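Examining the three-dimensional arrangement
Each chain is listed here by its residues.
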Amino acid sequence: MQDKRVSVIVVVAGEASSLSDCLGALLEQEYEAKEILIVCRPGIEAPRAVPGTRVIRVEGPADRLQLANVGLRAGKGEVKLVLSSEYVPLGKDWTRRMAEPFQDDEIGVVLSGEVAPAGSGPFGLVDRLLKAVGPSDGQGERNGLPERDYVTVRAAAYRGRLLSDICYFNPSLGAPGGLVDGALRIEGAGYRIVENPAALVVRVGGRSSLGRALREGIEYGRSDAMLEKEHGLHWLNCGVFAAALASFLLLPLAGLSLPAGVILSGAIFVWGVLLSLRVPFTRWEFPAAAWNFVVFVVLILLLRGDWRPDLFGRRIHPAMLRQWVWLVAIVSSYLLVLAGAAAGTARRVLRQPGGLRYLLPVGALSLGWWLSAGLGYVCGAVGAKRAKDEV
């Protein structure tokens, strides 16, 4: 594999503060048969006269996925290695380790492992959260390389003609959705996606923040809606969290107007029926609408048949009482859904190195993240409908 040419595509999507570290590590690689392409927007300061490198500036707005597409098209290597500028390869044999697995003709993508800077913990809060809600790591192992069902443009190598033969990443699905779509197409073409634990990168740039977490949540939710339209795939099932977000308006609205609250609850119930939203913490397809009804029945059974609470000195009519129980059932069922999603996130955080320390903050952050993903899902669904109407 030493004689195969490798195109290393460095994607600078944000600030370029860590670009020099990334580029320095690449220039020290012992693998000589390579070209280095730096893809960035015009405002980014990139080195202009470094031997063995070429700078490609992309005019106009472009996200990380679009920049990666430009580099992948421009690269001439038999292996195309995409690396985000916030990551620095560890060891002078990183390029060789990323290229070696392509001796197996079935392998289409090789993902790099990731470690943390010394003394900083493996990930920040946002990075831990995204790893906990993202694709599962457990896909088995073959020939010593763990199998994966996702791809990335952070640190990954692609077989030279793979994306041009199948398709490049689709940025209209959002960055997360474009990567999921790419993985589905790559696996559908019969190629394997593996990770090489011996090839490691360390993140030295980029900052975690609450604002970034919520923006990521909205983007993931939007991508989830677009993937549902494109592939009929409930990737993260963010539609159920859109319903959860709407359910929190029920009780305040019902306090002002009970009929309005009942109408909104009916709309949420129908939403769960039409979209066949599944409850995230079950292992089978359990529609959210059915879950709403189950909680309602349980609450009715728990109440005494002769219970008639007073409201401002007046007995509540049984029909009105059932309406309030229905509203409470809708809200509480989605609270349980959120709690289940947060618990699942917490379990995956615990499996991360040093996860116990971050369990509570990441678990609390995940509640807001899932709700922001629900908001993103609504935005994506509306955008997909508009695009369809325009066509």
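So, here is what we can say about the structure in this document. (Residues numbered from 1 in each chain as written. Predicted model: local features only at pLDDT ≥ 70, side-chain atom pairs only at ≥ 80, totals over all residues. Heavy atoms only, no water.)

1. Some thoughts on the overall build of the protein
When its secondary structure is counted, the protein shows 13 helices and 12 strands. Sorting the 391 residues of the protein into buried and exposed places 49% on the buried side. Long-range pairs, those at least 24 residues apart, make up 75% of the contacts in the protein between residues at least 6 apart in sequence. Counting every atom, the protein has about 18,800 Å² of accessible surface; 58% of that belongs to carbon and sulfur. (Helix = DSSP H or I, 4+ residues; strand = E, 2+ residues; numbered from the N terminus. Buried < 20%, exposed > 50% of the residue type's maximum accessible area, 1.4 Å probe, protein only. Contact = heavy atoms within 4.5 Å. Areas by Shrake-Rupley, 256 points an atom, 1.4 Å probe, with all protein chains shown as cover.)

2. As for helix 8 (residues 239-247)
Of all 9 residues in helix 8, 7 are buried; the element is thus mostly enclosed. By the burial criterion, the buried members of helix 8 are Gly239, Val240, Phe241, Ala242, Ala243, Ala244 and Ser247.

3. A short note on helix 7 (residues 210-231)
For helix 7, which comprises 22 residues, the first-to-last C-alpha distance of 31 Å matches the rise-based estimate of 32 Å (1.5 Å per residue) to within 8%. By the burial criterion, the buried members of helix 7 are Arg212, Ala213, Gly217, Tyr220, Gly221, Ser223, Asp224, Ala225, Met226, Leu227 and Glu228. The positive-phi residue at the C-terminal boundary of helix 7 is Gly232, with phi of around 65°. (Expected span 1.5 Å × (residues − 1).)

4. Structural notes on the pattern of salt bridges
This model, assessed by the stated rule, comprises 11 salt bridges. In this structure, Arg96 engages Glu100 in a salt bridge whose closest nitrogen and oxygen atoms are separated by 2.5 Å. Note that Arg161 and Asp165 form a salt bridge whose closest N and O atoms lie 3.8 Å from each other. Each of the two residues, Arg161 as well as Asp165, counts as exposed. Bridged by salt links that share partners, the residues Asp93, Arg96, Arg97 and Glu100 form one connected network. (Salt bridge = Lys/Arg side-chain N within 4 Å of Asp/Glu carboxyl O.)

5. Re the sheet that holds strand 3 (residues 53-57)
Read across the sheet, 8 strands follow the order 3-2-1-4-9-6-10-5 without closing on themselves; strand pairing throughout is mixed. Edge positions in the open sheet fall to strand 3 and strand 5 (87-89), since each of these has one partner strand only. Strand-to-strand twist in this sheet, taken as the mean axis angle between neighbours without regard to direction, amounts to 30°. (Pairing = 2+ DSSP bridges. Axes fitted to C-alpha atoms, helices over the stretch in contact; angles between N-to-C directions.)

6. Remarks on the side chain of Asp181
Turning to its location among the elements, Asp181 is positioned in helix 6 (residues 174-188). What Asp181 contacts, discounting residues up to four positions off in sequence, is Asn170, Leu173, Leu227, Glu230 and His231.

7. Observations regarding the pairing of strand 10 (residues 192-203)
Judged by how many residues are buried, strand 10 sits mostly within the fold: 9 of 12 residues are covered. Alignment of strand 5 against strand 10, held across 3 bridges, turns out to be antiparallel. In the sheet register, Tyr87 faces strand 10, and the bridge partner there is Arg203. Of the strand pairs in this sheet, strand 6 (residues 107-115) and strand 10 are connected by 8 bridges, and their pairing is parallel. Within strand 10, the position partnered with Glu114 by the bridge is Val201.

8. A short note on the environment of Ile166
Structurally, the position occupied by Ile166 is in helix 5 (residues 162-166). Residues Ile166 and Arg185, spaced 19 residues apart in sequence, show a C-alpha to C-alpha distance of 7.0 Å. Not counting residues up to four positions away in its chain, the partners in contact with Ile166 are Arg185, Ile186, Ala189 and Tyr191.

9. Section: the side chain of Ser85
Positionally, Ser85 belongs in the loop between strand 4 (79-84) and strand 5. Note on Ser85: relative accessible area 0%, which makes it buried. Residues within four places of Ser85 in sequence aside, it is in contact with Val10, Val11, Val12, Glu15, Ser18, Leu19 and Cys22.

10. Quick look at the packing of helix 11 (residues 288-302) against helix 12 (residues 318-350)
Helix-helix packing: each pair is described by the crossing angle between the helix axes and the interaxial distance. Helix 12 packs onto helix 11 with a crossing angle of 125° between their chain directions and a minimal axis gap of 8 Å. Compared by their axis directions, helix 11 and helix 12 come out oblique. Here helix 11 runs over helix 12; the crossing is right-handed. For the pair formed by helix 11 and helix 12, the contact residues are Ala288, Trp291, Asn292, Phe293, Val295, Phe296, Leu299 and Ile300 on the first element and Arg322, Val325, Trp326, Val328, Ala329, Ile330, Ser332, Ser333, Tyr334, Leu336 and Val337 on the second. The residue makeup of the contact of helix 11 with helix 12, split by class, is 15 nonpolar, 3 polar and 1 charged. (Parallel < 35°, antiparallel > 145°, perpendicular 65-115°, else oblique. Left-handed = near helix turned anticlockwise from the far one by under 90°. Nonpolar A, V, L, I, M, F, W, Y, C, P; charged D, E, K, R; others polar.)

11. Some words on a nonpolar patch on the surface
Taken together, the side chains of Ile218, Leu245 and Leu375 define a hydrophobic patch exposed on the protein surface, amounting to about 210 Å² of accessible area. Note on placement: Leu245 falls in helix 8. (Patch = residues over 30% accessible without salt bridge, like charges linked within 9 Å, V, L, I, M, F, W, Y side chains within 5 Å.)

12. Structural notes on the packing of helix 10 (residues 258-274) against helix 12
The geometry of helix 10 relative to helix 12 is characterised by a closest axis approach of 10 Å and an angle of 45° between their N-to-C directions. Of the possible angle classes, the one that applies to helix 10 and helix 12 is oblique. Seen from above, helix 10 lies across helix 12 with left-handed handedness. For the pair helix 10 and helix 12, the contacting residues are Leu258, Gly261, Val262, Ser265, Ile268 and Phe269 in the first and Met320, Gln323, Trp324, Trp326, Leu327, Ile330 and Tyr334 in the second.

13. Topic: empty space enclosed by the protein
Tallying each qualifying case throughout the model produces 1 cavity of 30 Å³ or more. Roughly 30 Å³ of internal volume is contained in the largest cavity. What lines the largest cavity is simply Leu72, Lys80, Tyr158, Arg159, Gly160, Leu163 and Tyr168. (1 Å grid on protein atoms, 1.4 Å probe; cavity = no way out; pocket = protein on both sides within 12 Å on 5 of 7 lines; lining within 4 Å. Points joined across faces, edges and corners; volume = space filled by probe spheres on them.)

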